[in-house]
Amino acid sequence: MEGDSKHPSLFLYCSLFLLTTKFYWPLVSATQRPPDTQLPLQDFAHSIRLDGDIMLGGLFPVHSRGERGVPCGELKKEKGIHRLEAMLFAIDLINKDPDLLPNVTLGARILDTCSRDTYALEQSLTFVQALIERDGSDVRCASGEQPIFAKPDKVVGVIGASASSVSIMVANILRLFKIPQISYASTAPELSDNTRYDFFSRVVPPDSYQAQAMLDIVTAMGWNYVSTLASEGNYGESGVEAFVQISRESGGVCIAQSLKIPREPKPGEFDKLILRLLETSNARAVIMFANEDDIRRILDAAKRLNQTGHFLWVGSDSWGSKISPVVQQERVAEGAVTILPKRASVDAFDRYFRSRSLSNNRRNVWFAEFWEENFVCKLGMHGKRPGSPKKCTGLEKVGRDSTYEQEGKVQFVMDAVYAMAHALHHMHRELCSGYPGLCPRMANIDGKELLIYIRAVNFNGSAGTPVTFNENGDAPGRYDIFQYQINNRSTAGYKVIGHWTDQLYLNIDAMQWTNGDSSVPASVCSLPCKMGERKKVVKGVPCCWHCERCEGYHFQASEFVCELCPYEQRPDQNRTGCQPIPIIKLEWHSPWALVPVFISVLGILATTFVIVTFVRYHDTPIVRASGREMSYVLLTGIFLCYAITFPMIAAPDVSVCSFRRIFLGLGMCFSYAALLTKTNRIHRIFEQGKKAVTAPRFISPASQLVITFSLISVQLLGVLVWFAADPPHTVVDYGEQRTQDPENARGVLKCDISDLSLICSLGYSILLMVTCTVYAIKTRGVPETFNEAKPIGFTMYTTCIIWLAFIPIFFGTAQSAERIQIFHRWPQTLLKYSVIQCRIQSKLSVDKLTRP
């Protein structure tokens, strides 16, 4: 069937063959009949005909598909009779309406498709009889007279069909003869192809809209991994194909499996389908485009395999709000979300249909059969229900003696008839303006021209909703969304939970799942990643992934990407962003600061005590003998060496950094300059004594001070140049304590003093120290009475050793905090130096006082 629908030329060949058989064979047979035998001009036993100025065709599934070669099966009371009567009722209303097609009467020729596409094709040939020219020149009656041809009804438009497969088959024939067609129930997306079905229109939205609505529902539920299940045939396969295509384009939903239910399933086929769905157990949501029987059997199989509550059914309009698929399997269907084109019950039709009886509805040739089925009785000897013991009285009443509920597509049948009537009305108004009845211009209505008017209609339908068509002949998508729920009283029913009109409106709070649970169950391939984890998608399955944590200094920049934080930042606790790295500095209460401060305070107190003692005994022989001027310079240097501890520990800022630059090398420069001047003076005195008796120049206390401060001024000049070239400022060093674990990373606030600048600042003091050491070596052989050089030499040797240990340790240390600690231990060494210096001064004083 599906292959045939793709080759319109094949239908043409079939139609020509059937037309030849149907219309010419009776003529040939007539030539062989006796003259007194009459052949009826038309056989209306299996069709309804209403006279009218303009004839409309109608196709309805009055009977179900037959079995074992029989074309038609049992009567369809709702889908067949209700819909057929809706067309008759609509025609009655239009013919009574003075404002719609005034003075023009609509007629109808209504046929039964028997829910079979091939049978419907044969029946639809009735609609094209009037458009085929028949040559009867070679045909003669038995009497030799010219045959008389019955003039067939010319159908200008067709209402129907119901099933998409039937509409596709019929549409291929009708388009060849340019007869417009409006369907009231066919929703296959294939029929939207305006190049193949250009004369087809419909008042129901296509399944592509339905598929979009179902995808929006799935997305709103947070489901991204679903399976699809379709009945074999155009409706099921086209619906699933539209859903799969839209889901691929949107990229938010993945299809785990796409299964198909065969037309004639073998025993156990539905159990196999359930087991296959369970192979991807995470895909709990199942999108169903299946007929009622297949839905019922799938639910039954799930119940039989004890899978109640596992699957999350999402049904198309074939499920809708119907009771028959869920009878006796309410628990397994609980929570099912279904969709149905938005519709309303037509009250006027209810009154009309309830008033129908055998006496007032003789135009419906199938109404007697409906009467028997509806009231379970038998009409005379020729009734359709020979086994029924009850005899129909004809006084039964619909809705009183039988249950009655308006079939869901009645509204759309009436809208389709009215759409055709409005198109004819507009056509009549333009072509026959002011002409009562049909004018000559509408004697032969051009189907192509009528199609233009059909596509342009815009009116409020029987339910009050607008009836319009787009360029492909499709109606706008308007759906109600239902959920099958079981309340606390164990009564089940469908509840409206939302609607879809171009976009979804869903009341999730009104939804209810298994055992009354209100939380939406999951249907996902992979659970969402935690914060700070990125998705590593499985190749070929974009909805399945592995979660990988963002490590080190990386944070989760997006769903799939981890990025590196800026250098001065680290990931926050959730690794969803970055935060500044904490900045540290040496605190006064730290043990690393308390110990140097304590030592420095002791050193400052000791130095201050010596200075006060010297000042107090300024003019005593022992102070004068020790060289009080140079002693003050030396004690000042020692004091500065202890005092530098406090700027080194203080929180860095511009002023603190300035003090550090100035006093970092100044204290040592004072000390080494004083010692160098002393050793140089001793060396010059003894060298001059070897050559002459006269004393060398610049050995007076004033000269010694000038020399000392000249040496110190070089250090100060270097610091001034340093200030000009690189003004002091603070920096935060994030690299020296950038640990592997970002939680332990710290930024160190410090003065911006580079290693090169530090070397240059201390280099001059080292130069003074080395020079002083050289002079100490040269003066090591002075007489015992001038043994001041020997203690100075000893001091220089120990100082060199300390410097040799300090330089590699300081510049080889990676952490800034450790460097600070080294600086803080430095005064301890200088303290030893000052103690030794004090001993030197004391010894020198004693020596000078005891010298003859």
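Our structure is the block above this text.
So, here is what we can say about the structure in this document. (Residues numbered from 1 in each chain as written. Predicted model: local features only at pLDDT ≥ 70, side-chain atom pairs only at ≥ 80, totals over all residues. Heavy atoms only, no water.)

Looking at the overall build of the protein chain
Okay, step 1: Broken down by element type, the protein chain carries 22 helices and 27 strands.
Okay, step 2: Looking at the protein chain as a whole, 49% of its 852 residues qualify as buried.
Okay, step 3: Within the protein chain, contacts between residues at least 6 apart in sequence are counted, and of these 67% link residues at least 24 apart.
Okay, step 4: Of the roughly 40800 Å² of accessible surface on the protein chain, 56% is carried by carbon and sulfur atoms. (Helix = DSSP H or I, 4+ residues; strand = E, 2+ residues; numbered from the N terminus. Buried < 20%, exposed > 50% of the residue type's maximum accessible area, 1.4 Å probe, protein only. Contact = heavy atoms within 4.5 Å. Areas by Shrake-Rupley, 256 points an atom, 1.4 Å probe, with all protein chains shown as cover.)

Quick notes on the packing of helix α2 (residues 77–96) against helix α11 (residues 367–375)
Okay, step 1: Between α2 and α11, the least distance of the axes is 11 Å, while the angle of their chain directions is 135 degrees. Between α2 and α11, the angle falls in the class oblique. Relative to α11, α2 is oriented so that their crossing is left-handed. On the side of α2, the interface is formed by Lys 77, Ile 81 and Glu 85, while α11 contributes Phe 367, Phe 370, Glu 373 and Asn 374.
Okay, step 2: For the contact of α2 with α11, a count of residues per class yields 3 nonpolar, 1 polar and 3 charged. (Axes fitted to C-alpha atoms, helices over the stretch in contact; angles between N-to-C directions. Parallel < 35°, antiparallel > 145°, perpendicular 65-115°, else oblique. Left-handed = near helix turned anticlockwise from the far one by under 90°. Nonpolar A, V, L, I, M, F, W, Y, C, P; charged D, E, K, R; others polar.)

Side note on the nonpolar core
Okay, step 1: Among the nonpolar cores identified, the biggest contains 67 residues, and Met 87, Leu 106, Ile 182, Phe 349, Leu 424 and Leu 450 are the most heavily contacted of them.
Okay, step 2: By residue number, the principal contributor to this core is helix α12 (residues 410–431), which donates 14 residues.
Okay, step 3: Those residues in contact with Leu 450 that lie beyond four places of it in its chain are Val 156, Pro 180, Met 420, Ala 423, Leu 424, Met 427 and Ile 445. (Core = buried A, V, L, I, M, F, W, Y, C linked by side-chain atoms within 4.5 Å.)

Considering helix α3 (residues 117–124)
Okay, step 1: For α3, a buried count of 6 out of 8 residues is recorded, marking the element as mostly surrounded by other parts of the structure.
Okay, step 2: Along α3, the residues classified as buried are Asp 117, Tyr 119, Ala 120, Leu 121, Gln 123 and Ser 124.

Thoughts on a nonpolar patch on the surface
Okay, step 1: On the surface, a nonpolar cluster with roughly 380 Å² of combined accessible area is contributed by Phe 598, Val 601, Leu 602 and Leu 605.
Okay, step 2: A relative accessible area of 54% means that Leu 605 is categorised as exposed. (Patch = residues over 30% accessible without salt bridge, like charges linked within 9 Å, V, L, I, M, F, W, Y side chains within 5 Å. Salt bridge = Lys/Arg side-chain N within 4 Å of Asp/Glu carboxyl O.)

Considerations on the state of the cysteines
Okay, step 1: For the coordinates displayed, the defined rule picks out 9 disulfides.
Okay, step 2: Covalently, Cys 550 is tied to Cys 562 through a disulfide, its sulfur atoms 1.8 Å apart. Of note, the bridge from Cys 550 to Cys 562 carries an S-S torsion of about -65 degrees and is left-handed in sense. Pair noted here: Cys 550 is in the loop between β20 (541–549) and β21 (554–556) and Cys 562 is in strand β22 (residues 562–564), with a separation of 12 residues, a long-range link.
Okay, step 3: Exposure remark for Cys 550: the relative accessible area of 1% places this residue in the buried category. (Disulfide = S-S within 2.5 Å.)

Looking at the environment of Val 410
Okay, step 1: Looking at the element boundaries, Val 410 is found in helix α12.
Okay, step 2: A residue is classified by how much of its surface remains accessible, and Val 410, at 0% relative accessible area, is buried.
Okay, step 3: As for Val 410 and Ala 344, which are separated by 66 residues in sequence, their C-alpha atoms are 9.1 Å apart.

Description of the sheet that holds strand β5 (residues 106–112)
Okay, step 1: With mixed pairing, 6 strands are arranged side by side in an open sheet as β1-β5-β2-β6-β7-β8. Looking at the sheet topology across the chains shown, the edges are occupied by β1 (47–50) and β8 (200–202). The mean inter-strand angle of the sheet, taken between neighbouring strand axes irrespective of direction, is 20 degrees.
Okay, step 2: As paired strands, strand β6 (residues 155–159) and strand β7 (residues 181–183) are joined by 2 bridges and run parallel to one another. From the neighbouring strand, Val 158 faces β7, where its bridge partner is Gln 181.
Okay, step 3: Set on the sheet, α2 makes contact with β1, β2 (54–60), β5 and β6; between it and β5 the angle comes to about 175 degrees.
Okay, step 4: Helix α4 (residues 164–174) rests against β2, β6, β7 and β8 of the sheet, and its axis sits at about 165 degrees to β7. (Pairing = 2+ DSSP bridges.)

Overview of the pairing of β20
Okay, step 1: Here strand β19 (residues 533–538) runs beside β20; their pairing, made up of 6 bridges, is antiparallel. Each bridged residue has a counterpart across the sheet, and for Lys 535 the counterpart in β20 is Cys 547.
Okay, step 2: Where β19 hands over to β20, the hairpin turn is made up of 2 residues, of which Gly 540 adopts a positive phi near 85 degrees.

Topic: helix α5 (residues 207–220)
Okay, step 1: Across its 14 residues, α5 extends 19 Å between first and last C-alpha, which sits within 8% of the 20 Å expected from 1.5 Å per residue.
Okay, step 2: Among the residues making up α5, those that are buried are Asp 207, Gln 210, Ala 211, Ala 213, Met 214, Leu 215, Ile 217 and Val 218.
Okay, step 3: Phi turns positive, to about 80 degrees, at Gly 222, one or two residues after α5. (Expected span 1.5 Å × (residues − 1).)

Side note on unusual backbone geometry
Okay, step 1: In this structure, Ala 161 follows Gly 160 across a cis peptide bond, with omega equal to 5 degrees.
Okay, step 2: Not every positive phi belongs to a glycine, and Ser 115 is a case in point at roughly 55 degrees.
Okay, step 3: With respect to the secondary-structure elements, Ser 115 resides in the loop between β5 and α3.
Okay, step 4: You will see that Asn 306, though not glycine, has its phi angle at about 60 degrees, which is positive.
Okay, step 5: With respect to the helices, strands and loops of the structure, Asn 306 is situated in the loop between α8 (292–304) and β12 (312–315).

Everything listed is a geometric property; what it means functionally is a separate question.
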